[in-house]
Amino acid sequence: MQLQDILYSQGFGTRRICAGLIQQGLVLVDGQPVLDAAANFDTAALRFAVQGVDWVFHEKAYLMLHKPAGTECSQKPSTYPSIYTLLPSPLRLRPSKGAVQGVQAIGRLDQDTTGLLLLTDDGQFIHRMASPKHHVPKVYEVTTKHEVDDSQIARLLAGVVLDDDPKPVRAAACERSGANSLRLTLTEGKYHQVKRMLAAVGNRVEALHRSEIGQVVLPSDLSPGQWCWLSATQVEGLRSKQPRSAEEAA
Ligand code: URA
């Protein structure tokens, strides 16, 4: 692929801007400036630098972000800064079918919720992950206002009715992790689901952190506000059909 097309596909600007960056010597491949915008490169695992920013070619972008508290998952936030401001501009400007599309969050977390958020520019992947038939387990670490007791855990596992839906929602797994904390696994994602489930059993969420989605675990060395690429294995794991638990199938 021509270098100017490579840069364009990765979100570094229009083809004209990309050609200009190359001609000004601002694009390095293997540490050397390449001045010919039409020079061809094999894109597989291609590494390059644009104006000092190191980049690895990704045909589609799949990444995780450690969402900090006090950020909104919306592109047009109402009160708090958008999570998209935490991403480098190429990820926000990646083109799709000739228009700027950028990566989008797969699902949302509340402004006060922290932890694992996945983003991609692969529309089919977002669609698949959002499908109610695709049961990807999500693990939440919940800090509660009141002590967690056995009956609350039993009710979360048996299923609680939320106001807008007569069908009970239940935790796929739930275990106490401290007097005022629990680890809750859900395979669906209704609006404010954890907070509403805890309220339904007479408790209250004080802090909420998502630590896992399928086999993807938020790395301990990824600080709040930082992002990293997902590996091909992680993407394939998320894409593969998740088995439904016997309870959910019932
Ligand atoms: N459930 C909630 O209540 N809030 C979140 O942010 C995620 C799950």
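Each remark here, short or long, concerns the structure printed above.
Residues numbered from 1 in each chain as written. Predicted model: local features only at pLDDT ≥ 70, side-chain atom pairs only at ≥ 80, totals over all residues. Heavy atoms only, no water.

Chemist: What exactly am I supposed to notice about the overall build of the protein here?
Modeler: Each helix and strand counted, the protein has eight helices and 17 strands in total. Along the first, second and third principal axes, the C-alpha atoms of the protein reach 70 × 35 × 30 Å. Within the protein, the fraction of its 250 residues that count as buried is 45%. Within the protein, contacts between residues separated by at least 24 positions form 64% of all contacts whose residues are at least 6 apart in sequence. If you sum the accessible surface of the protein, you get close to 13,100 Å²; carbon and sulfur atoms cover 52% of it. On the protein, the mean spot of the 27 positive side-chain charges and the mean spot of the 26 negative ones are 6 Å from each other. (Helix = DSSP H or I, 4+ residues; strand = E, 2+ residues; numbered from the N terminus. Buried < 20%, exposed > 50% of the residue type's maximum accessible area, 1.4 Å probe, protein only. Contact = heavy atoms within 4.5 Å. Areas by Shrake-Rupley, 256 points an atom, 1.4 Å probe, with all protein chains shown as cover. Lys, Arg positive; Asp, Glu negative; His and termini not counted. Charge placed at Lys NZ, Arg CZ, Asp CG, Glu CD.)

Chemist: Where do I start with the nonpolar core in this structure?
Modeler: Most often, soluble globular proteins keep nonpolar side chains buried together rather than apart. Formed by 51 residues in total, the largest nonpolar core has its most connected members in Leu7, Phe48, Leu119, Val142, Leu184 and Val194. In this structure Phe48 touches Ile6, Leu7, Gln10, Phe12, Leu28, Val29, Val53, Asp54, Trp55 and Phe57, once residues within four positions along its chain are discounted. In terms of nonpolar packing, the next biggest core, distinct from the first, is built from 16 residues, Tyr62, Phe125, Ile126 and Leu218 among them. (Core = buried A, V, L, I, M, F, W, Y, C linked by side-chain atoms within 4.5 Å.)

Chemist: Sorry, what's going on with the sheet that holds strand β3 (residues 47–50) here?
Modeler: Think of a sheet as strands paired side by side through backbone hydrogen bonds, with each pair either parallel or antiparallel. Read across the open sheet, the four strands follow the order β2-β1-β3-β4; overall the sheet is antiparallel. Edge positions in the sheet fall to β2 (32–33) and β4 (53–56), since each of these pairs with one other strand and no more. For strand β1 (residues 27–29) and β2, the ladder comprises two bridges, and the chain directions are antiparallel. The residue of β2 that forms the bridge with Leu28 is Pro33. (Pairing = 2+ DSSP bridges.)

Chemist: Any chance you could explain the pairing of strand β5 (residues 62–67) here in plain terms?
Modeler: β5 sits mainly inside the fold: six of its six residues count as buried. Covered by surrounding structure in β5 are Tyr62, Met64 and His66 together with Leu63, Leu65 and Lys67, the residues of both alternating faces. Where β5 meets strand β9 (residues 114–120), six bridges bridge the pair, whose relative direction is antiparallel. Note that in β9 the partner of Leu63 across the bridge is Leu119. Bridge analysis of β5 against strand β17 (residues 227–229) gives three bridges, and the strand direction is antiparallel. When the bridges of β17 are listed, Leu63 appears paired with Trp229.

Chemist: Mind showing me how you'd approach the layout of surface pockets here?
Modeler: The probe, sized like a water molecule, is rolled over the atoms to show the empty space still left. Space inside the largest pocket adds up to approximately 1,200 Å³. Residue lining of the largest pocket: 44 residues in total, with Glu188, Gly189, Lys190, Tyr191 and Gln193 positioned closest to the centre. Of all elements in the fold, only α4 (123–130), β10 (138–144), β12 (165–169), α6 (193–200) and β15 (205–213) reach the threshold of two or more residues within the lining of the largest pocket. Top element by residues in the lining of the largest pocket is β12. It accounts for four residues. Its residues assigned to classes, the lining of the largest pocket shows 19 nonpolar, eleven polar and 14 charged. (1 Å grid on protein atoms, 1.4 Å probe; cavity = no way out; pocket = protein on both sides within 12 Å on 5 of 7 lines; lining within 4 Å. Points joined across faces, edges and corners; volume = space filled by probe spheres on them. Nonpolar A, V, L, I, M, F, W, Y, C, P; charged D, E, K, R; others polar.)

Chemist: Explanation requested: the site of the ligand in the structure shown.
Modeler: Taken together, Leu109, Asp110, Thr113, Tyr140, His192, Gln193, Val194, Lys195 and Leu208 form the complete shell of residues around the ligand. Within the backbone of Val194, a nitrogen or oxygen atom sits 3.1 Å from a nitrogen atom of the ligand. Protein chains shield 95% of the accessible area of the ligand, which is 240 Å² for the free molecule. When each cavity is represented as a set of grid points, the ligand is found to reside in the largest pocket. (Near = heavy atom within 4 Å. Polar contact = N/O pair within 3.5 Å; in protein donor to acceptor, adjacent residues only side chain to side chain. Sits in = over half its atoms within 2 Å of the grid points.)

Chemist: Sorry, what's going on with the packing of α4 against helix α7 (residues 232–239) here?
Modeler: Between two packed helices, the angle of one axis relative to the other and the distance separating the axes together describe the packing. In the contact formed by α4 and α7, the axes pass within 10 Å of each other and the chain directions differ by 50 degrees. The angle between α4 and α7 places the two elements in the oblique class. Packed against α4, whose contacting residues are Phe125, Arg128 and Met129, the element α7 presents Val235, Leu238 and Arg239 at the interface. Considered class by class, the residues forming the contact of α4 with α7 number four nonpolar, no polar and two charged. (Axes fitted to C-alpha atoms, helices over the stretch in contact; angles between N-to-C directions. Parallel < 35°, antiparallel > 145°, perpendicular 65-115°, else oblique.)

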